[in-house]
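# Breakdown of the fold
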Amino acid sequence: MFMKEITVTNQVGLHARPATFFIQKANEFKSSIWVEKDERRVNAKSLLGVLSLGIVKGTCVNLIADGPDEEAAINALVELINSAFSE
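Here we summarise the structure given alongside this text. Computed from a predicted structure; not experimentally measured. (Residues numbered from 1 in each chain as written. Predicted model: local features only at pLDDT ≥ 70, side-chain atom pairs only at ≥ 80, totals over all residues. Heavy atoms only, no water.)

## With respect to unusual backbone geometry
What counts here: Counting from the N terminus, the helices are DSSP H or I runs at least four residues long and the strands are E runs at least two residues long. Any residue under 20% of the maximum accessible area for its type is buried, any over 50% is exposed, and the rest in between are partly exposed; the area is computed with a 1.4 Å probe on protein chains only.
Despite not being glycine, Asp38 shows a phi value in the positive range, around 55 degrees. Relative to the elements of secondary structure, Asp38 occurs in the loop between β2 (32–37) and β3 (40–43). Its relative accessible area of 67% is what places Asp38 among the exposed residues.

Below, the structure written as structure tokens:
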């Protein structure tokens, strides 16, 4: 299991279009991936799950992966978030 904490810095957080990009990236990996905010953990490959967390600019989340490509998955998602989804 590999985990990393990150702060979402893009203007709209993980809502609509950025969440779609996030989920598409998560689905490129075989590992199980979750997003954790406060006490809630959702599947990072589920649009409704990610949107239900209400992640806005400045929110700290934990990205957790478990599987054969867990470290690569988390690093790719961190890179995507840090790029502000190329906005």
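## Here's the deal with the pattern of salt bridges
Here is the rule: When a carboxyl oxygen of Asp or Glu is within 4 Å of a side-chain nitrogen of Lys or Arg, the pair counts as a salt bridge.
For the structure shown, the criterion picks out 2 salt bridges. Glu28 is the partner of Lys25 in a salt bridge, and the nearest nitrogen-oxygen pair spans 3.4 Å. Residue class for Lys25 comes out partly exposed when judged on its relative accessible area of 25%. Arg41 is paired through a salt bridge with Glu36; the nearest N and O atoms lie 3.2 Å apart.

## Thoughts on the nonpolar core
Quick reminder of the rule: We call a set of buried residues a nonpolar core when its members are Ala, Val, Leu, Ile, Met, Phe, Trp, Tyr or Cys and they connect through side-chain atoms within 4.5 Å of each other.
Ranked by size, the top nonpolar core spans 26 residues in total, and within it Phe22, Ile33, Val35, Ile55, Val61, Leu63 and Ile81 carry the most contacts. Of all elements in the fold, only α1 (17–26), β2, β4 (60–66) and α3 (70–82) reach the threshold of two or more residues within this core. It is α3 that provides the largest number of residues to this core, a total of 7 residues.

## Re α1
One turn of the α-helix equals 3.6 residues, which is why residues spaced by three or four share an orientation. Note the threshold: Directions are taken from the helix axis to each C-beta atom, and the arc is the one they span. Here, two residues are considered to be in contact whenever any of their heavy atoms come within 4.5 Å of each other.
Buried within α1 we find Pro18, Ala19, Phe22, Ile23 and Ala26. All buried residues of α1 lie within an arc of 135 degrees about the axis, which places them on one face of the element. Check the buried side of α1 and you find it contacts β2, α2 (47–52), β4 and α3.

## Side note on the pairing of β4
Applied cut-off: Strand pairing is assigned whenever DSSP identifies at least 2 bridges connecting the two strands.
Where burial is concerned, most of β4 is hidden: 5 out of the 7 residues are buried. Looking at chain direction, strand β1 (residues 2–7) and β4 are connected through 6 bridges and run antiparallel. Note that in β4 the partner of Met3 across the bridge is Ile64. Pairing of β2 with β4 involves 5 bridges; the strand directions are antiparallel.

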